[in-house]
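The residues making up each chain are set out below.
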Amino acid sequence: MTEQLYTLKEMAERLNYSGDPTELQKIMRQIRHWTLSDLLHTQGRKHTGTGVSRRYRHFELQKAAILRELSHYGLQIGQFEALDKWLESIGGSARWKAAEEGTRMVFIQLSWGDQMVGFNITVDAPMVASIGLDGSYMHEYDDGTVKEHKGVGVFYSSVVVNLTRLLHRLGTE
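Residues numbered from 1 in each chain as written. Predicted model: local features only at pLDDT ≥ 70, side-chain atom pairs only at ≥ 80, totals over all residues. Heavy atoms only, no water.

1. Let's talk about helix α1 (residues 8-15)
- For α1, the complete set of buried residues consists of L8, M11, A12 and L15. The buried residues of α1 occupy one face: seen down the axis, they fall within an arc of 100°. (Buried < 20%, exposed > 50% of the residue type's maximum accessible area, 1.4 Å probe, protein only. Helix = DSSP H or I, 4+ residues; strand = E, 2+ residues; numbered from the N terminus. Arc of directions from axis to C-beta.)

2. Quick notes on unusual backbone geometry
- Even without glycine at this site, D38 takes up a positive phi of about 65°.
- Relative to the elements of secondary structure, D38 occurs in the loop between α2 (21-36) and β2 (55-57).
- Note on D38: relative accessible area 40%, which makes it partly exposed.
- One non-glycine residue, D124, lies in the positive phi region at around 75°.
- Within the secondary structure, D124 is located in the loop between β4 (116-123) and β5 (137-140).
- Residue D124 is classed as partly exposed on the basis of its relative accessible area, which comes to 47%.

3. A closer look at empty space enclosed by the protein
- Evaluation of the coordinates by the stated rule reveals two cavities of 30 Å³ or more.
- Taken as a whole, the largest cavity encloses approximately 50 Å³ of empty space.
- I66, L70, L83, W86, I108, Q109, L110, F119, V159 and V161 are the residues that line the largest cavity.
- Residue assignment for the lining of the largest cavity shows that the elements contributing at least two residues are α3 (58-71), α4 (83-90), β3 (106-113) and β7 (155-162).
- For the lining of the largest cavity, the element with the highest residue contribution is β3, accounting for three residues.
- Partitioning the lining of the largest cavity into residue classes produces nine nonpolar, one polar and no charged.
- Approximately 30 Å³ is the volume found for the second largest cavity.
- L39, K63, L67, F80, L83, D84 and L87 are the residues that line the second largest cavity.
- By residue class, the composition of the lining of the second largest cavity is five nonpolar, no polar and two charged. (1 Å grid on protein atoms, 1.4 Å probe; cavity = no way out; pocket = protein on both sides within 12 Å on 5 of 7 lines; lining within 4 Å. Points joined across faces, edges and corners; volume = space filled by probe spheres on them. Nonpolar A, V, L, I, M, F, W, Y, C, P; charged D, E, K, R; others polar.)

4. Topic: the packing of helix α5 (residues 94-101) against helix α6 (residues 163-170)
- Taken N-terminus to C-terminus, the directions of α5 and α6 make an angle of 50°; their axes are 7 Å apart at the nearest point. The angle between α5 and α6 falls in the class oblique. Helix-helix and strand crossings are classified by hand; for α5 and α6 the assignment is right-handed. Residues W96, A99 and E100 of α5 form the contact with α6, whose own contacting residues are L163, T164 and L167.
- The residue inventory of the contact of α5 with α6, partitioned by class, reads four nonpolar, one polar and one charged. (Axes fitted to C-alpha atoms, helices over the stretch in contact; angles between N-to-C directions. Parallel < 35°, antiparallel > 145°, perpendicular 65-115°, else oblique. Left-handed = near helix turned anticlockwise from the far one by under 90°. Contact = heavy atoms within 4.5 Å.)

Here it is in structure tokens:
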């Protein structure tokens, strides 16, 4: 089975929940910006000029939905730089699949502090309160084990996204 590929406009249409044509143009500009900033990746070459349609995998559409959601909270592209690598690492995980299938509530969390950004994916409930004043936090791994990490720095703010609901709103491939 061949994987579905989306044009920039098709991606923007899937992300334009309101159906507003003005919003569609804004979303297309965001996708172009994220692509040129290497937060989204096209199938094949990036094609920075005109005349060649960019094509994106379904996972890139999912990442664009996450970036769009996070941008509603005023987060800037500098806070997204490490996000792409992290999303690639969890994209095929059991938790991600549970979010896609809608079998569990899965949350992703982006936290930041002075010169640091952290990410977390949790099942059933976000773990916002797990970040201690001393920079320690509890991390639950895919196998269900929980480990405390100490002295990693202090996060001042976090945004939690309900990944299950976000991916459900996008629909399937």
